Amino acid sequence: MDDYTRERVTENLDVRVIGRDLRWHDTLPSTNGLAMHLAETGAPEGTVVIAEEQSAGRGRRGREWVSPRGGIWLSVILRPGFETSHVPLIALAASVAAARAIRESTGLQAGVKWPNDVLVGGAKAVGILAETGPGAAWVVVGIGINVNVPRALLPADARYPATSLAERAGSPVDRVRLTRTLLGELDKAYAMLGTEGGAAAVLRDWRGLSETLGQMVRVEGDACGFEGRAIDVDSDGALLVRLPGGRIERVLAGDVTVRGSE
Ligand code: BT5
């Protein structure tokens, strides 16, 4: 397999904030769990936690994230100092960064699916979980990429079909190159979010990579489910869905399944 080490990932890494401090672990329950603890105890913004394997990887809404060796499982500590309503934009920006990094380092045509999955060949290769501290004093963004994870280890009964980059590329993918590119793209996207007009630019980039907009979708929220056409994301990162009757529903949190473009 590829030679995935801390030294090779950090050597002359050209980043402003994200990845300045990088903690490497062989096995952790969850990189988000450790990063949240570090954030709570004062670790600086930009600290990154990487594990080669997670024994209790987490998805959204208490779900499990399968994370055997061969993947990229990392979490980033951010201290954005802006309103909580912007937190969903950070996760959207992270999905854009992940899709770009995959495109740059593998040539695979990665796209994004609302809220913040990355798809390759229509299947989920990346999951993102943003968790926020009290008063949004910190945000931990966890990114999981199925890189060289054998197909047999990925969940077969996933809510959305799962894939790995190696499966799509037809050969193993260099995790060092991909992690370095990802940290660089995250660094750029996060810097952009903090500038005037940065949020609009992130949304523009997200729309450009989107595999959700224009499609008929099924939305499962906390208390309800409905179908309609996904027409846009608004300035808070909410998905706008036009119902058959014409009314527009604004979805801030939920799961989306694409039904096709009929
Ligand atoms: C996510 O949740 O997609 C967020 C996943 C975030 C994982 C990263 S890894 C580093 C950091 N540390 C953590 O502990 N977590 C973060 P969600 O949209 O809820 O998707 C979870 C669902 O996807 C599960 O219920 C399964 O159906 C499916 N699933 C589980 N493992 C998967 C995998 N490796 N690839 C694709 N689908 C998976």
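Please refer to the structure placed before this passage.
Residues numbered from 1 in each chain as written. Predicted model: local features only at pLDDT ≥ 70, side-chain atom pairs only at ≥ 80, totals over all residues. Heavy atoms only, no water.

### With respect to the overall build of the protein chain
From N to C terminus, the protein chain includes six helices and 12 strands. The C-alpha radius of gyration of the protein chain comes to 17 Å, within 12% of the 18 Å expected for a compact globule of 262 residues. Based on the C-alpha atoms only, the size of the protein chain along its principal axes is roughly 55 × 40 × 30 Å. Long-range pairs, those at least 24 residues apart, make up 65% of the contacts in the protein chain with a sequence separation of at least 6. A total accessible area of about 11,300 Å² is found for the protein chain, and carbon and sulfur atoms account for 49% of it. Averaging the locations of the 30 positively and 33 negatively charged side chains of the protein chain gives two centres separated by 3 Å. (Helix = DSSP H or I, 4+ residues; strand = E, 2+ residues; numbered from the N terminus. Rg over C-alpha atoms; globule rule 2.2 N^0.38 Å. Contact = heavy atoms within 4.5 Å. Areas by Shrake-Rupley, 256 points an atom, 1.4 Å probe, with all protein chains shown as cover. Lys, Arg positive; Asp, Glu negative; His and termini not counted. Charge placed at Lys NZ, Arg CZ, Asp CG, Glu CD.)

### Some thoughts on the layout of surface pockets
In this model, the largest pocket occupies a volume close to 690 Å³. By residue number, the principal contributor to the lining of the largest pocket is strand E6 (residues 123-132), which donates four residues. Residue classes in the lining of the largest pocket are distributed as 15 nonpolar, 12 polar and 11 charged. Within this model, the second largest pocket holds a volume of roughly 430 Å³. Along the walls of the second largest pocket sit 20 residues, with Arg60, Pro115, Asn116, Ala130 and Ala253 positioned nearest its centre. The set of elements that each furnish at least two residues to the lining of the second largest pocket consists of helix H3 (87-106) and E6. When grouped by side-chain class, the residues that make up the lining of the second largest pocket number 11 nonpolar, five polar and four charged. (1 Å grid on protein atoms, 1.4 Å probe; cavity = no way out; pocket = protein on both sides within 12 Å on 5 of 7 lines; lining within 4 Å. Points joined across faces, edges and corners; volume = space filled by probe spheres on them. Nonpolar A, V, L, I, M, F, W, Y, C, P; charged D, E, K, R; others polar.)

### A word on empty space enclosed by the protein
Scanning the model with the defined rule gives one cavity of 30 Å³ or more in all. Only strand E3 (72-78), H3 and helix H5 (175-193) provide two or more residues apiece to the lining of the largest cavity. Top contributing element to the lining of the largest cavity by residue count: H5, with four residues. Within the lining of the largest cavity, the residues separate by chemical class into 11 nonpolar, no polar and no charged.

### Comments concerning the site of the ligand
Around the ligand, the structure places 28 residues, and the nearest of them are Ser30, Arg58, Arg63, Lys124 and Asn146. Residue Val66 places a main-chain N or O atom 2.9 Å away from a nitrogen atom belonging to the ligand. Structurally, the ligand is housed in the largest pocket. Only helix H2 (31-40), E3, E6 and strand E7 (139-145) provide two or more residues apiece to the shell around the ligand. In terms of residue count, E6 provides more of the shell around the ligand than any other element does, four residues in total. (Near = heavy atom within 4 Å. Polar contact = N/O pair within 3.5 Å; in protein donor to acceptor, adjacent residues only side chain to side chain. Sits in = over half its atoms within 2 Å of the grid points.)

### Notes on the pairing of strand E5 (residues 117-120)
Each regular strand shows side chains that alternate between the opposite faces of the sheet. By the alternation rule, side chains of E5 split into Asp117 and Leu119 and Val118 and Val120, which are all buried. Where strand E4 (residues 110-113) meets E5, four bridges bridge the pair, whose relative direction is antiparallel. Among the inter-strand pairings, Ala110 is bridged to a residue of E5, identified as Val120. As judged from the three bridges shared by E5 and E6, these two strands associate in the antiparallel manner. Across the sheet, residue Val118 finds its bridge partner in E6, namely Val126. Hairpin connection of E5 to E6: two residues between the antiparallel strands, including Gly121 at a positive phi of 60°. (Buried < 20%, exposed > 50% of the residue type's maximum accessible area, 1.4 Å probe, protein only. Pairing = 2+ DSSP bridges.)

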